[in-house]
Amino acid sequence: MSAEVDYRSSLAEVAEWREQLEAQGQKLVLTNGVFDLLHAGHVRYLKEARALGDALVVAINSDESVTELKGPGRPVYTEQDRAEILCALEAVDRVVVFGEKRATATIEAIQPHIYTKGGDYTADSLIDEERELMERLGTEIRILSLVAGRSTSATLSRQAMSDDSTASGNKPRIALLGSGTGSNSRAIIEAVQSGQIDAEIALVASDVADCGVLTYAKEQGLPAIHIEPGTEKRGRLTDAACKEYTDKLKAARVDLICLCGFMRIVRGPILSTFEGRILNIHPSLLPLFPGVDAWQQAVDAGATETGCTVHYVDSGIDTGEIIRQSKVPIHPDDTVAAVKARINDAELVMYPEVVAELVAKL
Ligand code: GRF
């Protein structure tokens, strides 16, 4: 058996190597992450990152910081093992370990030519300190897209589900359907995690492959799927897509469906199978301002008050039975964005409360 080798490089070694690369006109790419329990998504991401320059350094979170970030039970593999596995990949040249929550100090020490992040990152997700630092260093920032459907948390969750399918078997099962940022779906997921909603998230589904709704759900290790809406015009689902949504929701044995910014009309077998068990949140005091851009409609109408509504979904657009409403003021000097944000704050409180109450009655 070969002797144990430590594959972790020190920051000083990597910084020196960076100088050598630069002298040869070569570019060093840096990325960072946990890289626990490697999957194909990691491998593809690292290949893509490596192709941006001539050498790739991966900064991995120390074991302690992974536990802090991901909770007890993580990492699955120690930092030494993670370093060894990563170094065995063709795309990876060196691995360094960092103990802080953010990689700022590592970036500063290495001064990479290119810094890349993947997953749900956008340039805006980088904190100001990091962005300013990289501007000062002349480091190019590249955001690489997420490899859909592959994440360590999701893998672990699938494993846990197959190990113990009865662990939470008796709780009501909720599905979340959304198309966008995902603040409402996140609020419901957090309420389930905190115990405010005594239920289980059985499925998160979206018509948009790379939306915040799916990204967050995957990070949380929840079953999260993209279901193609089909070729119908915007806002519609084809018959085949309706069938697929219905099949997936049935297979997940859902008791309640919460629409969280789902930008498709729910109709056909989805509605007939689950009618009375589908909720929606709408950003106005219905029946006022149904449809899109409800906050803009309220401002344009000169309203002094608006809000949000949780209602059952029927075959109309935002016409189903109203369950609860929450009001917010519109001030004379408000921008539309301010009104939208105020409504959203109210939504994030009201929607989980309503779901918690309905679930308790199931
Ligand atoms: C919310 O304003 C909701 O009322 C509407 O769509 C928006 C979704 O936002 N139906 P998010 O994706 O949950 O952040």
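(A) Looking closely at the site of the ligand. Within the structure, the ligand sits among Gly180, Thr181, Gly182, Ser183, Asn184, Gly261, Ile281, His282, Pro283, Trp295 and Glu347. One of the side-chain N or O atoms of Ser183 is found 2.5 Å from an oxygen atom in the ligand. For the ligand, the accessible surface in isolation is 370 Å², of which the surrounding protein chains cover 83%. Given that more than half its atoms are within 2 Å of the pocket grid, the ligand belongs to the second largest pocket. Put simply, the parts of the chain that give the shell around the ligand at least two residues each are helix H8 (183–194) and strand E10 (278–282). Here the residues of the shell around the ligand sort into three nonpolar, seven polar and one charged.

(B) Representation of the state of the cysteines in the model. Using the criterion set out here, one finds zero disulfides in the structure. Cys260 provides the cysteine sulfur closest to Cys211, a residue in no disulfide bond, and the two sulfurs are 11 Å apart. For Cys211, a relative accessible area of 4% translates into the label buried. Left unpaired, Cys260 is separated from the closest cysteine sulfur, that of Cys258, by 5.8 Å.

(C) Spotlight on the layout of surface pockets. Taken as a whole, the second largest pocket encloses approximately 1200 Å³ of empty space. If you go around the second largest pocket, you meet 42 residues; those closest to its centre are Gly261, Phe262, Met263, Pro283 and Val292. Elements with a minimum of two residues in the lining of the second largest pocket: H8, E10, helix H12 (294–300), strand E11 (305–312) and helix H13 (336–361). In the lining of the second largest pocket, the residues fall into 18 nonpolar, 16 polar and eight charged.

(D) Spotlight on the packing of aromatic side chains. Enumeration over the complete set of coordinates arrives at one aromatic pair. The ring of Trp17 has Arg94 lying over it, and the distance from NZ or CZ to the ring centre is 4.2 Å.

(E) Looking closely at the sheet that holds strand E3 (residues 94–98). Across the sheet, five strands lie side by side as E3-E2-E1-E4-E5; this open sheet has parallel pairing. Both edges of this open sheet fall to E3 and strand E5 (140–143), since each of them pairs with a single strand only. On average, each strand axis in the sheet is inclined to that of its neighbour by 25 degrees, with strand direction left out of account. With six bridges connecting them, strand E1 (residues 28–33) and strand E2 (residues 55–61) associate as parallel partners. Paired with Asn32 across the strands is Ala59, a residue of E2. Against the sheet, helix H1 (residues 11–23) touches E1, E2 and E3, its axis set at about 140 degrees to E3.

(F) Highlighting the nonpolar core. If you look at the biggest cluster of nonpolar residues, it comprises 40 residues, and the most contacted ones within it are Ile197, Cys258 and Val355. Among the elements that take part in this core, H13 stands out by supplying 10 residues, more than any other. Excluding residues within four positions of it along the chain, Cys258 makes contact with Ile174, Ala175, Leu176, Leu177, Ile188, Leu279, Tyr351 and Val355. Counting residues in hydrophobic clusters, the runner-up holds 22 residues, among them Ala175, Cys242, Leu249 and Val313.

(G) Layout of the environment of Ile322. The residue Ile322 is located in strand E12 (residues 322–329) in this model. Judged by relative accessible area, Ile322 falls into the partly exposed class, the value being 38%. Considering only alpha carbons, one finds Ile322 and Leu286, 36 residues apart in sequence, at a separation of 7.9 Å. Setting aside anything within four residues of it in sequence, one finds Ile322 in contact with Leu286, Pro287, Thr309, Val310 and His311.

(H) Here's a closer look at the domain arrangement of the protein. Per the domain assignment, the segments of the protein are domain 1 (11–149) and domain 2 (170–359). Here the C-alpha centroids of domain 1 and domain 2 sit 35 Å apart.

(I) Up close: the sheet that holds strand E6 (residues 173–177). The mixed open sheet is built from seven strands, whose spatial order is E8-E7-E6-E9-E10-E11-E12. The open sheet has two free edges, formed respectively by strand E8 (224–226) and E12, since each of these has just one partner strand. Pairwise comparison of adjacent strand axes, ignoring direction, gives a mean angle of 20 degrees for this sheet. Inspection of the sheet shows E10 paired to E11 by four bridges, in the antiparallel sense.

Basis of the calculations
Residues numbered from 1 in each chain as written. Predicted model: local features only at pLDDT ≥ 70, side-chain atom pairs only at ≥ 80, totals over all residues. Heavy atoms only, no water. Near = heavy atom within 4 Å. Polar contact = N/O pair within 3.5 Å; in protein donor to acceptor, adjacent residues only side chain to side chain. Areas by Shrake-Rupley, 256 points an atom, 1.4 Å probe, with all protein chains shown as cover. 1 Å grid on protein atoms, 1.4 Å probe; cavity = no way out; pocket = protein on both sides within 12 Å on 5 of 7 lines; lining within 4 Å. Sits in = over half its atoms within 2 Å of the grid points. Helix = DSSP H or I, 4+ residues; strand = E, 2+ residues; numbered from the N terminus. Nonpolar A, V, L, I, M, F, W, Y, C, P; charged D, E, K, R; others polar. Disulfide = S-S within 2.5 Å. Buried < 20%, exposed > 50% of the residue type's maximum accessible area, 1.4 Å probe, protein only. Points joined across faces, edges and corners; volume = space filled by probe spheres on them. Phe/Tyr/Trp six-rings, centres within 6.5 Å; stacked < 30°, edge-to-face > 60°. Lys NZ or Arg CZ within 6 Å of the ring centre and 35° of its normal. Pairing = 2+ DSSP bridges. Axes fitted to C-alpha atoms, helices over the stretch in contact; angles between N-to-C directions. Contact = heavy atoms within 4.5 Å. Core = buried A, V, L, I, M, F, W, Y, C linked by side-chain atoms within 4.5 Å. Domains from an automatic or database assignment.

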